[in-house]
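Here is how the chains run, residue by residue.
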Amino acid sequence: MKKGLFSFKKKALLVLFGILLMAGSAQGQAILSGDRSVPVEARNGMVVTSHTLATEVALEVLKKGGNAIDAAVTAGFALAVTQPRSGNIGGGGFMLISSQEKQEVVAIDYREKAPAGASRDMFLGPDGNVDQTLSRFSHISAGVPGTVAGLASALEKYGTISLAESLAPAIELAEKGFVVTPRFSKGVKSKQKRLFKFEAGKKKFLKPDGAFYEPGDIYIQSDLAETLRRISKNGVKGFYEGKTADLIVAEMQRGKGLITLDDLKNYQPKIRKPVSGNYRGFDIYSMSPPSSGGAHIIQILNILEKYPIKNLGHNSAKTIHLMAEAMKRAYADRSKFLGDSDFVGVPLGGITSKKYAAALRADIDADFASISQAILPGNPAGFESDETTHFSIVDGFGNAVANTYTINFSYGSGIVVEGAGFLLNNEMDDFSAKPGVPNAYGLIGGEANKIEPHKRMLSSMSPTIVMKGGKNFLVAGSPGGSRIITTTLQVIMNVIDHRLNVQAAVNAPRIHHQWLPDEIRIEEGISPDTVRLLRAMGHNVNEKSSMGAIQSIMIAEDGTLYGGADPRRSTSAAMGF
Ligand code: DON
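My aim in this report is to walk through the structure given alongside it, one point at a time. Starting from 1, residues in each chain are numbered consecutively following that chain's sequence as written. Local features in this predicted model are restricted to residues whose pLDDT is 70 or higher, and side-chain atom pairs enter the listing and the counts only when it is 80 or higher, whereas totals over whole chains, interfaces and linings include all residues. Only hydrogens and water are set aside when side-chain values are computed; all heavy atoms of the structure are taken into account.

**Digging into the side chain of Asn-439**
Okay, step 1: A run of H or I in DSSP becomes a helix once it reaches four residues, and a run of E becomes a strand once it reaches two; helices and strands are each numbered from the N terminus. Residue placement: Asn-439 occurs in the loop between β11 (400–406) and β12 (464–468).
Okay, step 2: Per-residue accessibility, obtained with a 1.4 Å probe over protein chains only, is compared with the maximum for each type, and a residue is labelled buried under 20%, exposed over 50%, and partly exposed between these values. The class for Asn-439 is buried, based on a relative accessible area of 11%.
Okay, step 3: Counted as a polar contact is a pair of N or O atoms within 3.5 Å, where, for protein atoms, one must be capable of donating a hydrogen and the other of accepting one, and residues adjacent in sequence contribute only when both atoms are in side chains. At 2.8 Å, the side chain of Asn-439 forms a polar contact with the backbone nitrogen of Tyr-441.
Okay, step 4: When checking whether two residues touch, look at their non-hydrogen atoms; a contact exists if any pair is within 4.5 Å. Among residues more than four places away in sequence, those in contact with Asn-439 are Arg-136, Asp-429 and Asp-430.

**Considering the packing of aromatic side chains**
Okay, step 1: Between 30 and 60 degrees the pair is tilted, below 30 it is stacked and above 60 it is edge-to-face, where a pair is any two Phe, Tyr or Trp rings, Trp via its six-membered ring, whose centres lie within 6.5 Å. Enumeration over the complete set of coordinates arrives at 13 aromatic pairs.
Okay, step 2: Between the aromatic rings of Phe-137 and Phe-409, the centroid separation amounts to 5.7 Å while the plane-to-plane angle is 65 degrees, which identifies the pairing as edge-to-face.
Okay, step 3: Relative to Tyr-219, the ring of Tyr-213 has its centre 4.8 Å away and its plane inclined at 80 degrees; by these criteria the two rings are edge-to-face. The burial state of Tyr-213 is the same as that of Tyr-219; both residues are buried.

**Thoughts on the site of the ligand**
Okay, step 1: Contacts to the ligand come from 16 residues, most closely from Thr-388, Glu-427, Asp-430, Ser-459 and Ser-460.
Okay, step 2: Interatomic distance of 2.5 Å between a side-chain N/O atom of Thr-388 and an oxygen atom of the ligand.
Okay, step 3: For the ligand, whose unbound accessible area comes to 350 Å², protein coverage reaches 97%.
Okay, step 4: Classifying every residue of the shell around the ligand by side-chain character gives four nonpolar, seven polar and five charged. We call a residue near a given molecule or strand whenever any one of its heavy atoms falls within 4 Å of it. Computed with a 1.4 Å probe, the accessible areas rest on the Shrake-Rupley method; for each residue, only the protein chains presented here act as cover. Gly is put with the polar residues, along with every residue not named as nonpolar or charged; the nonpolar set is Ala, Val, Leu, Ile, Met, Phe, Trp, Tyr, Cys and Pro, and the charged set is Asp, Glu, Lys and Arg.

**Describing helix α12 (residues 242–254)**
Okay, step 1: Between the first and last residue of a helix there are one fewer steps than residues, each counted as 1.5 Å, and that sum is the expected span. Taking 1.5 Å of rise per residue, the 13 residues of α12 would be expected to cover 18 Å, and the 18 Å separating its terminal C-alpha atoms lies within 8% of that figure.
Okay, step 2: Listing the buried residues of α12 in full gives Thr-244, Ala-245, Leu-247, Ile-248, Val-249, Glu-251 and Met-252.
Okay, step 3: Downstream of α12 by one or two residues, Lys-256 has phi in the positive range, about 55 degrees.

**Points about the pairing of strand β3 (residues 92–99)**
Okay, step 1: Extensive coverage of β3 is indicated by the burial of eight of its eight residues.
Okay, step 2: Of the two faces of β3, both are covered, the one formed by Gly-92, Phe-94, Leu-96 and Ser-98 as well as the one formed by Gly-93, Met-95, Ile-97 and Ser-99.
Okay, step 3: As judged from the seven bridges shared by β3 and β11, these two strands associate in the antiparallel manner. From the neighbouring strand, Gly-93 faces β11, where its bridge partner is Tyr-405.
Okay, step 4: Think of it this way: DSSP has to see at least two bridges between two strands before they count as a pair. The pairing of β3 with strand β4 (residues 104–110) spans seven bridges and is antiparallel. The residue of β4 that forms the bridge with Gly-93 is Tyr-110.
Okay, step 5: Between β3 and β4, which pair antiparallel and follow one another directly, the connecting turn spans four residues, one of which, Gln-103, has a positive phi of 50 degrees.

**Here we look at the nonpolar core**
Okay, step 1: Judged by nonpolar contacts, the single largest core of 78 residues is most densely connected at Ile-89, Met-95, Ile-97, Phe-205, Leu-228, Ile-393 and Phe-422.
Okay, step 2: At eleven residues, helix α3 (residues 68–82) tops the list of elements feeding residues into this core.
Okay, step 3: The contacts of Phe-422, once residues within four sequence positions are left out, are Ile-89, Gly-90, Leu-224, Thr-227, Phe-239, Thr-244, Ile-248, Ile-415, Val-416 and Val-417.
Okay, step 4: Formed by 68 residues, the second largest nonpolar core is a distinct cluster that contains Leu-360, Ile-492, Leu-534 and Ile-550. Only buried residues count toward a nonpolar core. Its members are Ala, Val, Leu, Ile, Met, Phe, Trp, Tyr and Cys residues joined through side-chain atoms within 4.5 Å.

Below, the structure is given as structure tokens:
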């Protein structure tokens, strides 16, 4: 009798436990579907960047009647002041613009270029091996900066305000200073070795008495303010010629760098056609070469389109398995076929075709992992001639901007141009210094991405605009080196396949596979059960630090704007009006 009562109690407890479990998973579901991750909502304009102050000044431009391009250029210059680890005028990037007036999506390519004096083996030491100090932390690691020319060109072709107006908030922030955040202070302290190798770095990042800037201090950048003023006064020539150009070249001479006055004077951004495709009825526009991002986002989506991803479930073992298999094949192709299309033929049409995706899909086993070493770059048809930052902006006129720009690593090469107050990129490390030898992100390349004078180094940056029925639907992009492509991909899939709201889509734990190394890299938050199932399928699964920082906007059918800033960066901010 006693025993019976006990077992009844036990049963009741089990039922209660079961109910609690169900409630828990229902709650989990609610978090995924967005009830707990609330995006910022607005009607007339939305700005999402990785720094509150940049978001604020760009939003102000929209409120005054400026368009998304005006706000984007303003944000780009402001980030160069408030977030020197990645915001920049010493680097380069890509801007995708969906223009309401011109009814087109265009890409502005302002990626850095190899100086005229660059050569294929410039990073090989006497032993024939790649010298990583040279390719990452020396004056010759810097490509010719493209940011100022790129932002100015965007404004000239698609903006409504003057270059001087777009620079004014940045100049004020540099001159009057701004309050140091914990992230800023920690960032400088963590990269001391890189930043304090030369006096100019100490001058920029330390107080006059040599102390660190601490949270709450005011950070003023007088040299940078002067540099920005010269652009404001003389346009792009105020950077690529005259005093700033002289200061860059003097810096090069001090450190045996390659950038010359001619390299600077001849730098031109390029207007390119974005790479495009479609996925479950949505049109995807993303960055074309010299980025690999757009091509591989579309390729992976094409492979996955025929699987019932929604039913397989968000971050379920089966979904992650299929994503990883598609990713492996895309990154294998990247290693062989992608490079600057001004220098090499890139089989873009082939890589992004549904037919090629079907061939790759046929090779995927639904239940078992393939071994990366056994996957070779495929055979697409039709040859045709740790920091970056992304921001997304939508205005009330129907324009959208997705911009990703970088100096490559956090604080780039760590080299500050003396007297000019800005950091130089170390983007030359994105070239393939030696066939088969991975770059800083473990990416392998070959002939297509070898170093050549004036060539742009291959990138993974993937500013992306998704449209539905001719209207802007989703704007996204991310930092994260090789992870940029898969990070951006997952936000697109989270919204389209899993119907997450944009904030939930940005927050959700991410996974990544880049062919080599043969591992699924996961963020904290993928369940141990899922990891166990993936391992049983033959995958190597490793949990590592968080990946990317997506700043994204979704536009609902009724025109409501939803902003999702990435909580992986403490200064990220979405604001609308
Ligand atoms: O262009 C690229 O692909 C790289 N230079 C981007 C570097 C990056 O995202 C670093 N950020 N975490």
